[in-house]
Structure formats: structure tokens, C-alpha cells
Amino acid sequence: MVVKKQDEFGMVGLGLRREMLDELFTQMPSQIDFMEVAPENWLKLGGRFAKQFKSLTDANNFLCHGLSLSIGSPEPLDIEFVKSLKVFFKTHNIKLFSEHLSYCSGNGHMYDLMPIPFTEQAIKHVVSRIKQVQDILEQQIAIENVSYYAAPDQQISELDFTNEILQQADCKLLLDVNNIYVNSVNHGYDSEHFLANLPSNRIAYGHVAGHYNEADDLIVDTHGADVIDPVWHLLDLAYQHHGVFPTLLERDFNIPAMPELIKELDIIHQLQAKHAITQNKESA
């Protein structure tokens, strides 16, 4: 039996971008249960934007999805940055913090998310850093399965690599179904097998997004387009395999008007309602 997941921040979310502030400050659509921001974009913000943001976080549920923790980097963890996150989370009552299973710094910042080698040594390194972050924050974090375009020094599969880190670090999973689809095309693996073999009990919430088809065998994860049908199908399967979990729509650029975004939020609501009904029948 698949059990529906409950969470304190609601079931359907939208990534907040600065250009949405004025509209959402005036009226929050009922389809949005929670919002997500990159804390790096808001930590040092002042003036009108800061006041609007604080008003939104006071009145709504917010999560943070980091960009620069660089959890897989060989460089020392930025302890002061993690401590500043802890203060920010308390100020804005942030429900959960997530980061990418990747790195973005070495000898300097690379301004991109680089793939961590799928090796046993990398697992130990990443696990120790996640534990360190969780100890400082005094809470579990969620780690997102990421899209990647090369797999340097691969010794184990992406699936085994991800599952080992989740278990050994005792952290949560941010399940990005679009990234699974992108990687399955770019690296030629079975997306449904990957999805089904992730641990249901680790899923904190999910992401769904659009992408760009560079070629038949190359997809670029852009978050700049509508979600396509195969990705909606994977989300449908994710609810079937793992139960209904909170899910957020990401849109980073080419952002349409709010009514267009709401159409995609409505699809998430519809899929969740479908599986909630099915699961309630199974448990009756």
C-alpha cells in the first residue's frame, strides 16, 4: 500500500522570483501552498524588496534551495556561510533547506553545478560534509538529484551513488523528476527504473520543470520552458511509486504571466488528487 505523505508546508509550490514580488505581495493565488527561494539571492537584500519578502515569509510557507554550498567540493566547507543561513532560516521561518548533489567551487567559484564523481571516495566525502552542515543547522537537509552532462571517473551508478549518500548522511531527498528525465536521455538509462528505486521514506518534496532540447540525445536543464508530457508522466509515476509528496514548479527565466504558471500548478494538483483518491481506496 502506498501512503500519502503529509507535510507542514503544503502540497503544491512555486519558485519565487524577484519579478513576481509585486503581484504576489498584492494577492497570493490559492493554488500556491508554499514557495521556494535561493537564499543567496535574498540574504543581503535591502530596501523595498527586503520588506516585501519579509511580509511574504511572515504570511506564507517558505523553503530554501541553495546554489552555492558546493557540497561536493574538495575545498573546505564555508562554515560562516552555513551559520548565516541558520540565522536567515530563523528570521524567515524557513521550513526546509535543500541543496544540489554537486559542487560549484574549487580554486574559486565556477558559477555552474559540476558533477561529483560517482565513486566510493566521493560518497564518504559528501556524507561527511552533509553531516557537518546538518550539525551546524541542527536539522536535516534535503539533497537534490541533479542533471549532469559528463560522468568523470564513474565507478558506480548514479542511482547507487544517490541512495548511499541519502542513507549514510541520514538526509532527505529533493526528488527532481525533470532531472531524472534529462539524465535518462543524455546518459541512456531507464528513467522509470531510476525513479522506482529511490527511497520513498527519504523524499521531502519534489521539483518539476521545463528544459531545452539541444539535440535528440542532448537535453539542457534550463527551467525556462513549460513542463513537457513525458515529465508530467514521470511525476504521475512518482506519486504511484512513492505516494503523494509536496511538489514545486521551477521557472527561472522566460517566466510567463501568473495565469500560465497557475495552469501548470493545477496539473500538479490534479495528479495529486488522482493519487490521493486511489491511495484512499487502497487503504479502505
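Residues numbered from 1 in each chain as written. Predicted model: local features only at pLDDT ≥ 70, side-chain atom pairs only at ≥ 80, totals over all residues. Heavy atoms only, no water.

Trainee: Describe unusual backbone geometry, with residues and values.
Mentor: Among all residues save glycine, negative phi is the norm, and among peptide bonds the norm is trans. Although it is not a glycine, Glu138 adopts a positive phi angle of roughly 60°. Position of Glu138 relative to the elements: it lies in the loop between α4 (120–137) and β7 (142–144). With phi around 50°, Asn254 is a residue other than glycine that occupies positive phi space. Relative to the helices and strands, Asn254 is located in the loop between β12 (247–249) and α9 (258–283). Taking the relative accessible area as the measure of exposure, Asn254 reaches 52% and is therefore exposed. (Helix = DSSP H or I, 4+ residues; strand = E, 2+ residues; numbered from the N terminus. Buried < 20%, exposed > 50% of the residue type's maximum accessible area, 1.4 Å probe, protein only.)

Trainee: I'd like a description of the packing of aromatic side chains, backed by residues and values.
Mentor: Centre-to-centre distance and the angle between the planes together describe a pair of aromatic rings. Following the criterion strictly, the structure yields twelve aromatic pairs and no others. Their ring planes at 85° and their centres at 6.2 Å tell us that Phe34 and Tyr205 sit as a pair that is edge-to-face. Residue Phe34 is found in strand β2 (residues 34–37), and its partner Tyr205 is found in strand β9 (residues 203–208); the two are separated by 171 residues along the sequence. Residues Phe34 and Tyr205 agree in their burial class; the two are buried. Sitting over the ring of Trp42, Arg18 keeps its end group 5.7 Å from the ring centre. The ring of Phe49 carries the charged tip of Arg18 above its face, separated from the ring centre by 5.4 Å. (Phe/Tyr/Trp six-rings, centres within 6.5 Å; stacked < 30°, edge-to-face > 60°. Lys NZ or Arg CZ within 6 Å of the ring centre and 35° of its normal.)

Trainee: Any details on helix α5 (residues 158–169)? Residues and values, ideally.
Mentor: In this model, α5 (twelve residues) spans 16 Å end to end at C-alpha, consistent with the 16 Å of a helix rising 1.5 Å per residue. Every buried residue belonging to α5 is among Glu158, Leu159, Phe161, Thr162, Ile165, Leu166 and Ala169, and all of these are buried. Tucked inside the fold, the buried residues of α5 contact α4, β8 (172–176), α6 (177–187) and α7 (191–196). Once α5 ends, the next one or two residues include Asp170, with phi positive near 55°. (Expected span 1.5 Å × (residues − 1). Contact = heavy atoms within 4.5 Å.)

Trainee: Can you lay out the sheet that holds β9 for me, pointing to particular residues and giving the numbers?
Mentor: Strand order in the closed barrel formed by eight strands is β1-β2-β3-β4-β7-β8-β9-β12, and the pairing between neighbours is parallel. Put simply, the sheet's adjacent strands are angled 30° from each other on average, direction ignored. Pairing between β7 and β8: three bridges, direction parallel. Within the sheet, the bridge partner assigned to Ile143 lies in β8 and is Leu173. Contacts from α6 reach β7, β8 and β9, with the element oriented near 65° to β8. (Pairing = 2+ DSSP bridges. Axes fitted to C-alpha atoms, helices over the stretch in contact; angles between N-to-C directions.)

Trainee: A description of helix α8 (residues 229–242) should follow, citing residues and the corresponding values.
Mentor: Owing to its 3.6 residues per turn, the α-helix aligns residues three or four sequence positions apart on the same side. Across its 14 residues, α8 extends 20 Å between first and last C-alpha, which sits within 8% of the 20 Å expected from 1.5 Å per residue. Val231, Trp232, Leu234, Leu235, Asp236, Leu237, Ala238, Tyr239 and His242 are the residues of α8 that are buried. Note on α8: the residue one or two positions beyond its end, Gly243, has a positive phi of about 85°.

Trainee: Any details on the pairing of strand β1 (residues 12–15)? Residues and values, ideally.
Mentor: Neither face of β1 is left uncovered, since the one carrying Val12 and Leu14 and the one carrying Gly13 and Gly15 both have all their residues buried. What joins β1 to β2 is helix α1 (residues 21–26), and the crossover it makes is right-handed. (Right-handed = clockwise from strand over helix to strand, strands pointing away.)

Trainee: Break down the environment of Val12 for me, citing the residues and quoting the values.
Mentor: Note on placement: Val12 falls in strand β1. Taking the relative accessible area as the measure of exposure, Val12 reaches 0% and is therefore buried. Distance in space between the C-alpha atoms of Val12 and Tyr205 is 9.5 Å, their sequence separation being 193 residues. The contacts of Val12, once residues within four sequence positions are left out, are Gln31, Ile32, Asp33, Phe34, Thr247, Leu265, Ile268, His269 and Gln272.

Trainee: Quick one: what's the story with the side chain of His207, residue by residue and with numbers?
Mentor: By the element assignment, His207 lies in strand β9. Here Glu144 takes part through its side chain, which lies 3.1 Å from a polar atom of the side chain of His207. A polar contact of 3.2 Å, which involves the side chain of His207, links it to the side chain of Glu250. (Polar contact = N/O pair within 3.5 Å; in protein donor to acceptor, adjacent residues only side chain to side chain.)

Trainee: So what's going on with the nonpolar core? Residues and values would help.
Mentor: One finds Leu16, Ile130, Phe161, Leu175 and Ile268 to be the most contacted residues of the largest nonpolar core, which totals 73 residues. With eight residues, α4 is the single largest residue contributor to this core. When neighbours within four sequence positions are excluded, Phe161 is seen to be in contact with Leu101, Ile116, Pro117, Phe118, Thr119, Ala122, Ile123 and Ile156. The next biggest cluster of nonpolar side chains, apart from the first, holds nine residues, and it includes Leu63, Leu96, Ala142 and Leu174. (Core = buried A, V, L, I, M, F, W, Y, C linked by side-chain atoms within 4.5 Å.)

Trainee: An account of the packing of α6 against α8 is needed here, citing residue identities and associated values.
Mentor: With their axes 9 Å apart at the nearest point, α6 and α8 run at an angle of 120° to one another. Classified by the angle between their axes, α6 and α8 sit oblique to one another. Crossing handedness for the pair α6 and α8: right-handed. Of the residues in α8, those touching α6 at Val177, Asn178, Ile180 and Tyr181 are Pro230, Val231, Leu234, Leu235 and Ala238. Looking at the contact of α6 with α8 residue by residue, the class counts come to eight nonpolar, one polar and no charged. (Parallel < 35°, antiparallel > 145°, perpendicular 65-115°, else oblique. Left-handed = near helix turned anticlockwise from the far one by under 90°. Nonpolar A, V, L, I, M, F, W, Y, C, P; charged D, E, K, R; others polar.)

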